[in-house]
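Given next are the chains, with one letter for each unit.
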Amino acid sequence: MTDFRLTAQHTDGDLALAHITGELDVATAPHLRAQALALIEQGHRHLILDLAAVTFCDSSGFNALVGIYRCAKTADGTLVLAAVPDRLERLLDLTGLSTLLPAHPTAAHALVAHTRTHDTATA
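Everything quoted here is computed from the prediction, not taken from an experiment. (Residues numbered from 1 in each chain as written. Predicted model: local features only at pLDDT ≥ 70, side-chain atom pairs only at ≥ 80, totals over all residues. Heavy atoms only, no water.)

Colleague: Go over the layout of surface pockets, please, and point to the residues and values.
Modeller: Of the voids in this model, the second largest pocket is the one considered here, and its volume is about 170 Å³. If you trace the second largest pocket, you find it lined by V54, T55, F56, C57, P85, D86, R87, L88 and L91. Breaking the lining of the second largest pocket down by element, the ones donating at least two residues are β3 (46-57) and α3 (86-95). Residues of the lining of the second largest pocket, tallied by class, amount to 6 nonpolar, 1 polar and 2 charged. (1 Å grid on protein atoms, 1.4 Å probe; cavity = no way out; pocket = protein on both sides within 12 Å on 5 of 7 lines; lining within 4 Å. Points joined across faces, edges and corners; volume = space filled by probe spheres on them. Helix = DSSP H or I, 4+ residues; strand = E, 2+ residues; numbered from the N terminus. Nonpolar A, V, L, I, M, F, W, Y, C, P; charged D, E, K, R; others polar.)

Next comes the structure, spelled out in structure tokens:
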């Protein structure tokens with residue numbers, strides 16, 4: 001198996017921030033999906049995936065992100081990406097998925113945006 005790790009650093013109520021490290025490929029995509037879905041099942045229906053340390057993403061990794069998005073949406077949640085690598089960002093743009101999967105330059109930016117959206121929704 002290629003190098004891969006998902007670390008849930010920030011879990012606050014229905015929000016989880018997970019840092020992804022390594023390659024997202026046919027060998028690791030099922031692990032990404034399973035670990036992200038476990039976070040959703042634990043009640044963290046809003047996910048921020050920090051991709052700053054992702055070194056490679058093939059179609060399997062891309063499909064895992066789409067599956068995670070669908071599961072989050074089914075749970076009445078969201079999937080937001082942070083620090084998306086250039087090649088993956090271009091693929092998201094080309095497929096039109098960038099409109100469904102908002103991206104922020106850093107995890108910190110994504111957290112601020114989530115807080116603003118959540119505060120506005122509850123106000």
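Colleague: Residues and numbers for the nonpolar core, please.
Modeller: Formed by 30 residues in total, the largest nonpolar core has its most connected members in I20, L32, L49 and L81. Among the secondary structure elements, those contributing two or more residues to this core are β1 (4-12), β2 (15-24), α1 (29-41), β3, α2 (59-74), β4 (78-82) and α3. Of all the elements, α2 adds the most residues to this core, at 7 residues. Apart from the residues within four sequence positions on either side, L81 is in contact with L49, L51, L65, L92, L101, P102, A103 and H104. The next biggest cluster of nonpolar side chains, apart from the first, holds 7 residues, and it includes L15, L17, A82 and A110. (Core = buried A, V, L, I, M, F, W, Y, C linked by side-chain atoms within 4.5 Å. Buried < 20%, exposed > 50% of the residue type's maximum accessible area, 1.4 Å probe, protein only. Contact = heavy atoms within 4.5 Å.)

Colleague: Residues and numbers for the sheet that holds strand β5 (residues 103-104), please.
Modeller: Within the open sheet, the 5 strands sit side by side as β1-β2-β3-β4-β5. Their pairing is mixed. Looking along the sheet, the strands with just one partner apiece sit at the ends: β1 and β5. Of the pairings in the sheet, the one linking β4 to β5 comprises 2 bridges and is parallel in character. Residue pairing in the sheet places L81 in a bridge with A103 of β5. Across the face of the sheet, α1 comes into contact with β1, β2 and β3 while running at roughly 15° to β1. In the packing of α2 onto the sheet, contacts are made with β2, β3 and β4, and the angle to β4 comes to roughly 140°. (Pairing = 2+ DSSP bridges. Axes fitted to C-alpha atoms, helices over the stretch in contact; angles between N-to-C directions.)

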